[in-house]
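Tertiary structure, described
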Number of protein chains: 2
Amino acid sequence: MARTTGSDGEKTEAAVREAAVNLIARFGYEAMSMRQLAAEVGVQAAALYRYFPTKEELLFTLMREHMEGLTDAWETACPISADPVQRLSAYVENHIAFHIERRHATHVSNMELRSLSPERLTQILRMRTAYEKELRAILRDGAEAGVFSIDDTGLTAMALIQMMTGVIVWFRPGERLSITEVTATYLSMTMRLVGAGTDGETTHDGARALGRARDAAAL
Amino acid sequence: MARTTGSDGEKTEAAVREAAVNLIARFGYEAMSMRQLAAEVGVQAAALYRYFPTKEELLFTLMREHMEGLTDAWETACPISADPVQRLSAYVENHIAFHIERRHATHVSNMELRSLSPERLTQILRMRTAYEKELRAILRDGAEAGVFSIDDTGLTAMALIQMMTGVIVWFRPGERLSITEVTATYLSMTMRLVGAGTDGETTHDGARALGRARDAAAL
DNA sequence: GCTATAATAAAACGAACGTTCAATTAATTC
DNA sequence: GAATTAATTGAACGTTCGTTTTATTATAGC
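Conventions adopted
Note that residues are indexed from 1 along each chain, following the sequence as it is written. Each chain is given a letter, starting from A, and each ligand a number, starting from 1, according to the order in which they appear as written. pLDDT decides what is reported in this predicted model: residues at 70 or higher carry local features, side-chain atom pairs at 80 or more are listed and counted, and totals for whole chains, interfaces and linings draw on all residues regardless. Just so you know, side-chain values use all the structure's heavy atoms and leave hydrogens and water out. Pairs of residues are marked as contacts when any of their non-hydrogen atoms sit within 4.5 Å. In short, buried area is how much 1.4 Å probe accessible area vanishes from two parts on joining, totalled over both. Salt bridges are counted wherever a side-chain nitrogen of Lys or Arg sits within 4 Å of a carboxyl oxygen of Asp or Glu. For the purposes of these results, a polar contact is taken to be a pair of N or O atoms within 3.5 Å, where, inside protein, one atom must be able to donate a hydrogen and its partner to accept one; residues adjacent in sequence count only when each atom of the pair is a side-chain atom. Each helix is a run of DSSP H or I of at least 4 residues and each strand a run of E of at least 2, with the numbering of both proceeding from the N terminus. Basically, the charged four are Asp, Glu, Lys and Arg, the nonpolar ten are Ala, Val, Leu, Ile, Met, Phe, Trp, Tyr, Cys and Pro, and anything else, Gly included, counts as polar. UniProt positions are given in the numbering used here, feature names are shortened, and annotations may be inferred rather than shown by experiment. The pocket and cavity definitions rest on a 1 Å grid over protein atoms only: a 1.4 Å probe that fits but cannot leave marks a cavity, an open set with protein on both sides within 12 Å along at least five of seven lines marks a pocket, and residues lining either have an atom within 4 Å of a point. Grid points are joined across faces, edges and corners, and a volume is the space filled by probe spheres set on the points. The predictor reports its confidence for every residue as pLDDT, a score running from 0 up to 100. With a 1.4 Å probe rolled over the protein chains alone, any residue whose accessible area is under 20% of its type maximum counts as buried; one over 50% counts as exposed, and the rest are partly exposed.

With that settled, the discussion passes to the interface of chain A and chain B. Listed by partner, the interface residues are 38 residues for chain A and 39 residues for chain B. Taking both partners together, chain A and chain B bury about 3,200 Å²; carbon and sulfur atoms supply 58% of that area. Of all residues in chain A, Arg114, Leu155 and Arg192 of chain A bury the most surface against chain B, accounting for 23% of the area lost on that side. The tally of links between chain A and chain B comes to four salt bridges. Its salt-bridge partner being Asp152 of chain B, residue Arg176 of chain A comes within 3.0 Å of it at the nearest N-O pair. Counting every contact that joins chain A to chain B gives 14 residue pairs in polar contact (both at pLDDT 80 or more). Counting only elements with at least two residues in the side of chain A that touches chain B, the list comes to α1 (9-27), α6 (103-111), α8 (153-165), α9 (167-170), α10 (179-193) and α11 (202-218) of chain A. With seven residues, α10 of chain A is the largest single contributor of residues to the side of chain A that touches chain B. Residues that form the side of chain A that touches chain B fall into these classes: 18 nonpolar, 12 polar and eight charged.

As structure tokens, this is what we get:
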């Protein structure tokens with residue numbers, strides 16, 4: 001009726017986070033009750049409040065750490081090269097890999113923004129904007145260097161991000177296509193979309209990007 | 001304390017629908033209470049049950065009619081022509097126009113699927129799949145005719161739909177870009193994405209699609 | 001082995017939820 | 001103008017919600 005044998009704060013908190021991501025992704029933040037979450041962890045609802053002061057704080061923590069993870073992943077994957085094509089390839093590969101790997105967390109971060117208080121919403125949106133700004137910079141550099149052919153940098157960045165993030169809606173591991181194949185196809189589509197390779201070999205550019213993606217994924 | 005002067009069932013039901021779409025889009029289905037909805041309409045909560053037997057039935061009705069509207073819009077916009085480029089252009093123009101015009105309803109239909117019962121979810125998803133199938137058919141025809149260069153028809157269709165639907169996330173009427181300009185840019189991106197116009201004038205294809213979109217929007 | 005503390009259970013809080021029901025009044029029909 | 005129907009109110013139902021409080025037990029340090 002109180003502390004249970006083998007109970008461990010760190011393990012419980014980790015279990016709460018994981019269960020929360022899964023439940024919120026499946027049922028939504030509002031639909032998930034603290035009692036339901038506690039039951040999934042194998043604990044009473046009151047125990048959750050040892051780790052997270054409120055339900056919203058729990059949601060915010062999940063979102064903030066997801067965004068930090070995305071930013072960190074890009075910082076380590078970001079190539080030193082100044083070649084816009086290589087940078088764009090790295091961005092696409094990192095984005096798709098990260099979002100497929102963390103499908104549930106991405107779902108939460110994208111769908112539950114309206115459940116945050118205004119200040120917390122602003123904080124998450126700032127992180128997201130910073131991440132998207134990286135893509136816009138790549139597109140702008142490529143357009144200025146003449147290797148991309150882009151009508152509107154902002155619009156193209158939004159279109160690309162929504163296209164890539166959309167992968168988590170339909171992608172299921174172990175089905176028709178592997179992550180490698182999906183990434184390769186999306187890289188090919190991305191390069192065509194930004195008009196990369198207008199130097200006469202447009203038709204073969206998709207194949208080149210595809211080969212590059214396969215190389216990268218094989219590492 | 002009972003029927004109010006000037007009360008009219010049809011008007012009240014229409015007001016309920018409109019208020020529900022706006023509230024669900026803003027706060028989410030679970031977060032919107034029937035009392036909140038009633039207050040927005042200027043009525044007591046019990047009055048809502050004259051028009052919708054349950055909260056979920058209300059959500060389902062909104063979603064079903066939205067999907068029917070989308071299908072109907074495409075049926076009237078669908079050109080008789082067999083030219084894949086023209087058909088794809090029409091699809092993109094219709095999709096973007098419809099989704100911008102009904103931003104809130106689209107938001108509801110995309111975000112609140114998990115709040116439907118299994119049978120109703122299946123019903124909505126069937127309508128959605130049928131609509132997406134139209135795009136896949138266009139892409140397949142274009143690929144077979146050699147006017148499109150596509151790696152994977154299914155993947156490309158999903159990428160395009162997510163790219164286009166994403167417009168409602170950031171588009172706000174009266175800001176930097178008009179609907180016409182946005183549509184033109186998306187048409188251009190779409191055509192490049194599917195590899196339309198590989199006959200040596202790739203670079204100018206975007207401009208052609210853009211002109212076509214401006215013509216269409218000017219009607 | 002005692003003490004301090006970390007981790008949890010159990011019960012309860014008031015508030016809000018979706019929904020129902022009976023009563024009441026406006027509009028319509030004859 | 002009486003009877004009928006349409007539209008709505010106000011109060012209440014039982015349930016569930018997020019959260020708090022208090023008590024209880026396991027673990028760790030000395």
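According to UniProt, the "DNA-binding region" (unreviewed entry) feature falls on residues 33-52 of chain A. The span residues 33-52 of chain A is 60% helical and 0% strand by assignment, and the distance between its end C-alpha atoms comes to 14 Å.

Once that is clear, we can look at empty space enclosed by the protein. Taken as a whole and judged by the stated rule, the model has two cavities of 30 Å³ or more. In this structure, the second largest cavity encloses a volume near 110 Å³. What lines the second largest cavity is a set of 17 residues, and nearest its centre among them are Glu30, Glu112 and Arg114 of chain A together with Glu112 and Arg114 of chain B. Broken down by class, the residue content of the lining of the second largest cavity amounts to seven nonpolar, four polar and six charged.

Looking now at the confidence of the model for chain A. Averaged over chain A, the pLDDT score is 89; the fraction of residues at 70 or greater is 87%. Residue range residues 198-211 of chain A is modelled with pLDDT below 50. Its contacts to residues more than four positions away, or to other chains, number 14 contacts.

Residue and element names in this part refer to chain A. Tallied over the entire structure, the rule returns 18 salt bridges over all chains. One salt bridge connects Arg64 with Glu68, and the closest N-O pair in it is separated by 3.7 Å. On the criterion of helical spacing, the pair formed by Arg64 and Glu68 is a turn pair, its members being four residues apart in helix α4 (residues 55-77). Relative accessible area serves as the criterion here: at 34%, Glu68 is assigned to the partly exposed category. Of the charged contacts in the structure, one is a salt bridge between Asp141 and Arg87, with a shortest N-O distance of 3.1 Å. Taken as a pair, Asp141 in helix α7 (residues 118-145) and Arg87 in helix α5 (residues 84-101) lie far apart in primary sequence, 54 residues in all. Taking the relative accessible area as the measure of exposure, Asp141 reaches 25% and is therefore partly exposed. Owing to a relative accessible area of 15%, Arg87 belongs among the buried residues under this scheme. Salt bridges sharing common partners tie together Glu13, Arg17 and Glu65.

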